[in-house]
Amino acid sequence: MGEPVVMVSLYPEFPQSLMSSKASRGEFVFLMDRSGSMNYTRIRSARDTLLLLLKSLPMGCYFNIYSFGSRYEHIFSTSVKYKQKNVKIALTKIEQMEADLGGTEILEPLKHIYSQPCIPKQPRQLFVFTDGEVGNTKEVIDLVKKNSDSHRCFSFGIGEGASSALINGMAKEGGGHPQFITGTDRMQPKVMQSLRFALQPAVVDISVTWDLPKEVSVTVLSPPITTLFQGQRSLIYAQLTGQSSEAAEGCVTLKYSLAGHRSKKKLHFSLRPAEDTGLTVHRLGARTLIRSLEMEDRELRGQQDGGVKEKVVQLSVQSGVSSCFTAFIAVNRDNGRVIQGPMKHKNIPTPMTSAIRPALCGHAGGTDMWDDSIEDLEEDMCYNCLDEMDYGACNNSFGSLVSDIWDDSMEDLEGDMCYDCLDEEYINYVSSPTSIQEASTVPQQSDGTQEASTVTQQSESTQEASTVTQQSESTQEASTVTQQSDSTQEASTVTQQSENCSYKPAKNVDNITRVFSQMKKKLVKFWKSREMPLEADDAAPKSVPKNNMHSSVPEQPPRDPLLHLVSLQEASGCWLLDPALAAALGKTCEKLEKSKPALVTKEVWATILALIWLHGFKMDAKDEWELLAMKAASWIHAQNAPRVTKCVEAGNVLLGCSVKKEALGL
């Protein structure tokens, strides 16, 4: 940390003539995750993203859409030319997409994509979306690397559960760019940024050289730069060793080829940095090197002698930057007690929620059984799935879950399903999340000595006790399951406080399988009761068709006005003057036609109105619609439309905007 560190920031600007030369070329292949965990908002966001992607593609390109889970599907047998007919077919299929393809198996669809011959003069651009991880990450990345000469791969990790090794590895080996969508991030802006990168010609033959005095040597801390995109910053960290008594300046040279043109950029920097600069750049450089070594360790796991790990630990401790082998420990200094004894290791068991979700319900996704209430569970399971379960016999409705966890076949587990036993264990197992997290709590030391340990999860002792009550058949034909806090309900009461719970969950396949069977039985009875609500006068319940969806299934939210307008755009870039556009603009069709200037076609007038609406009301989402707006402006230019200025003025009056003609790209 005592030697100076240089940070070089590259933010390239390429000539527009070279950028536009291949803008209309390309084969765009989208590979979308449709596994069970992509439910609710994720699959809706995925559909919206595919809509924006399709509408933003340039004329003259080719495209296809794949989706995958335990199996894979594709809309077209091979990539098709981008035109209105094919776009309409694709959008119809996209609207029908649900998270119903099971697990996350990405290798086979990739093999199928790479087996398709490339289209001459149409460079292939692959977009991969997933929210999970796979068991064969290295095999997937190696496959992308093997085909890196024929395509670029842009990867997207959705949610906190996406594998960073998979997402970063695919983009790195595929010459693309990785993106992660977490928390409240919107998928669309990040995906559209990657589409802008994909529309740029590939930068190849990238090299970085250093020109320094003989007394000064350089150690590059960053991995080699393999991709450059206009609008994307790239960083290079290097550590300088030695001093020069004469030269006070160094130089770094960047060389690359773009669209057949060789370019060279030089950047000079001082070898005598300011004294009071701190260690910020040093730590950033150390972090970059640590991440690179961690990836190397993952690739060589089981083949190296531990040298990489030792180097990471040494660098992490020296720089104060955490790694996958080190962690910060919080120490309470207020009580004045001395921390004694060795570090104690705690293993935190991994929750089984990701395996449970696809097994519960393919229509509405799944939920965390151990942390959610019965009301939460009922919202995640639809009647159609539960009704198919033969709850009067020992079928294997949860066999897929159990087989995923313990690698047993369905035939082996079928005999383990029974509904007449372990009813009490079922209630305890569902109602006591602390029982399965018991190993994660930190024990208190009796001698008062504070013990250092890694960060662990603790169950809240203040959690209220919940009640599971089964009503008698005399008051209601189908039993219901309710969660109550009323202390008067004593039957079948199970507390969730860890100090009173002595139940130990069974660890063998037989017991856990029967626990799931009991859960299914209870939920089936619950849905049966919901299907036959009692009238106010306790009359016989009226039957409801089995295929009806219940109110617990969330309704589809109204479509975003921006996406509604985007969906109406033609593949060529124009809009049609029809009632659908009028409704999207909040006007009547008669009003739009009456305001149209003379000698202007309906398509040109409609397209200008759409552009004015985008610039006037949706500037906060410009990153999402900018490309399709540019295509619309190009279409208007190609029409040699008269009276464009008059159209813009009339459109502003009609929509109540004040957008200038230049802002529309006209």
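- Per an unreviewed UniProt entry, the protein goes by the name VWFA domain-containing protein and belongs to Oreochromis niloticus.

## Some details on helix α5 (residues 137-146)
Piece 1. Where α5 is concerned, the buried positions are T137, V140, I141, L143 and V144. Angularly, the buried residues of α5 cover 155° about the axis, an arc narrow enough to put them on a single face.
Piece 2. For α5, the elements touching its buried residues are α4 (107-115), β7 (151-158) and α6 (164-173).

## Remarks on the packing of helix α2 (residues 41-56) against helix α7 (residues 187-198)
Piece 1. Where α2 meets α7, the axes come as close as 10 Å, and the angle between the chain directions of the two elements is 35°. Considering only the axes of α2 and α7, their crossing is right-handed. Together, S45, A46, D48, T49, L52, L53 and S56 of α2 and M187, Q188, V191, M192 and L195 of α7 make up the contact between the two elements.
Piece 2. A class-by-class count of the residues in the contact of α2 with α7 yields 7 nonpolar, 4 polar and 1 charged.

## Observations regarding the packing of α4 against α5
Piece 1. Two numbers describe how α4 lies on α5: the axes approach to 10 Å, and their chain directions differ by 10°. Considered as vectors, α4 and α5 are oriented roughly parallel to each other. Packed against α4, whose contacting residues are L107, L110, K111 and Y114, the element α5 presents E139, V140, L143 and V144 at the interface.
Piece 2. Each residue belonging to the contact of α4 with α5 can be placed in one class, and the counts come to 6 nonpolar, no polar and 2 charged.

## Focus: the packing of aromatic side chains
By convention here, two paired aromatic rings are described through the distance between centres and the angle between planes.
Piece 1. All told, the structure shown has 11 aromatic pairs when counted by the stated rule.
Piece 2. An angle of 80° between the planes, with centres 6.1 Å apart, marks the rings of W210 and F269 as edge-to-face. Separated by 59 residues along the polypeptide, W210 in strand β9 (residues 203-211) and F269 in strand β13 (residues 261-270) bring together distant segments of the chain.
Piece 3. Take F269: its relative accessible area is 14%, and that puts it in the buried class.
Piece 4. A network of ring pairs unites the aromatic residues F30, F127, F129, F154, F156, F197 and F229 as a single cluster.

## Notes on the pattern of salt bridges
Piece 1. Throughout the structure, instances matching the rule amount to 12 salt bridges.
Piece 2. For D100, the salt bridge identified is with R34, shortest N-O distance 2.8 Å. Of this pair, D100 sits in the loop between α3 (84-95) and α4 while R34 sits in the loop between β2 (27-33) and α2, and the two are 66 residues apart along the sequence.
Piece 3. Look at R34 and you get buried, because its relative accessible area is 7%.
Piece 4. Put simply, D185 and K190 hold a salt bridge, and the shortest N to O gap is 3.2 Å.
Piece 5. Salt bridges linked by common partners bring R34, R71, E73 and D100 together as one network.

## What about the sheet that holds strand β1 (residues 5-10)?
Piece 1. The strand order across the open sheet built from 3 strands is β1-β11-β10, with neighbouring strands paired in antiparallel fashion. In the strand order of this sheet, the two ends are held by β1 and β10 (217-220), each with one partner. Shown here is a sheet whose adjacent strand axes are inclined to one another by a mean of 30°, direction ignored.
Piece 2. Examined bridge by bridge, β1 and strand β11 (residues 234-241) share 6 bridges and lie antiparallel to one another. Residue pairing in the sheet places V8 in a bridge with I236 of β11.
Piece 3. In the packing of helix α8 (residues 280-299) onto the sheet, the strands contacted are β1 and β11, and the crossing angle to β11 comes to about 110°.

## Thoughts on the side chain of S35
Piece 1. Within the secondary structure layout, S35 lies in the loop between β2 and α2.
Piece 2. Those residues in contact with S35, other than ones at most four positions away along the chain, are F68, A99, G102, G103, T104 and D131.

## Re the pairing of strand β6 (residues 124-130)
Piece 1. With respect to burial, β6 is a largely interior element, 7 of its 7 residues being buried.
Piece 2. Across the two faces of β6 the burial is the same, with R124, L126, V128 and T130 and Q125, F127 and F129 all buried.
Piece 3. Here β2 pairs with β6 via 6 bridges, running parallel. Residue V29 lies in a different strand from β6, and its bridge partner there is L126.
Piece 4. As judged from the 7 bridges shared by β6 and β7, these two strands associate in the parallel manner.

## What to know about α8
Piece 1. A rise of 1.5 Å per residue sets the reference length of α8, with its 20 residues, at 28 Å; its end C-alpha atoms lie 29 Å apart and thus fit the reference within 8%.
Piece 2. Restricting attention to buried positions, one finds in α8 the residues H282, G285, A286, T288, L289, I290, L293, E294, M295 and D297.
Piece 3. Next to the buried residues of α8 lie β1, α6, β11 and α9 (307-319).

## Comments concerning the environment of K190
Piece 1. Structurally, K190 is set in helix α7.
Piece 2. For the pair K190 and P178, spaced 12 residues apart in the sequence, the C-alpha separation amounts to 9.7 Å.
Piece 3. If near-sequence neighbours (up to four positions away) are discounted, K190 is found in contact with F156, Q179, F180, I181 and D185.

## Examining the sheet that holds strand β12 (residues 249-258)
Piece 1. Pairing within the open sheet is antiparallel, and its 3 strands lie in the order β9-β12-β13. Each having just a single partner strand, β9 and β13 make up the two edges of the open sheet. Along the sheet, successive strands turn relative to each other by an average axial angle of 15°, direction set aside.
Piece 2. As paired elements, β9 and β12 share 7 bridges and run antiparallel to each other. For W210, the partnering residue across the bridge sits in β12 and is V252.

Procedures and definitions
Residues numbered from 1 in each chain as written. Predicted model: local features only at pLDDT ≥ 70, side-chain atom pairs only at ≥ 80, totals over all residues. Heavy atoms only, no water. Buried < 20%, exposed > 50% of the residue type's maximum accessible area, 1.4 Å probe, protein only. Helix = DSSP H or I, 4+ residues; strand = E, 2+ residues; numbered from the N terminus. Arc of directions from axis to C-beta. Contact = heavy atoms within 4.5 Å. Axes fitted to C-alpha atoms, helices over the stretch in contact; angles between N-to-C directions. Left-handed = near helix turned anticlockwise from the far one by under 90°. Nonpolar A, V, L, I, M, F, W, Y, C, P; charged D, E, K, R; others polar. Parallel < 35°, antiparallel > 145°, perpendicular 65-115°, else oblique. Phe/Tyr/Trp six-rings, centres within 6.5 Å; stacked < 30°, edge-to-face > 60°. Salt bridge = Lys/Arg side-chain N within 4 Å of Asp/Glu carboxyl O. Pairing = 2+ DSSP bridges. Expected span 1.5 Å × (residues − 1).

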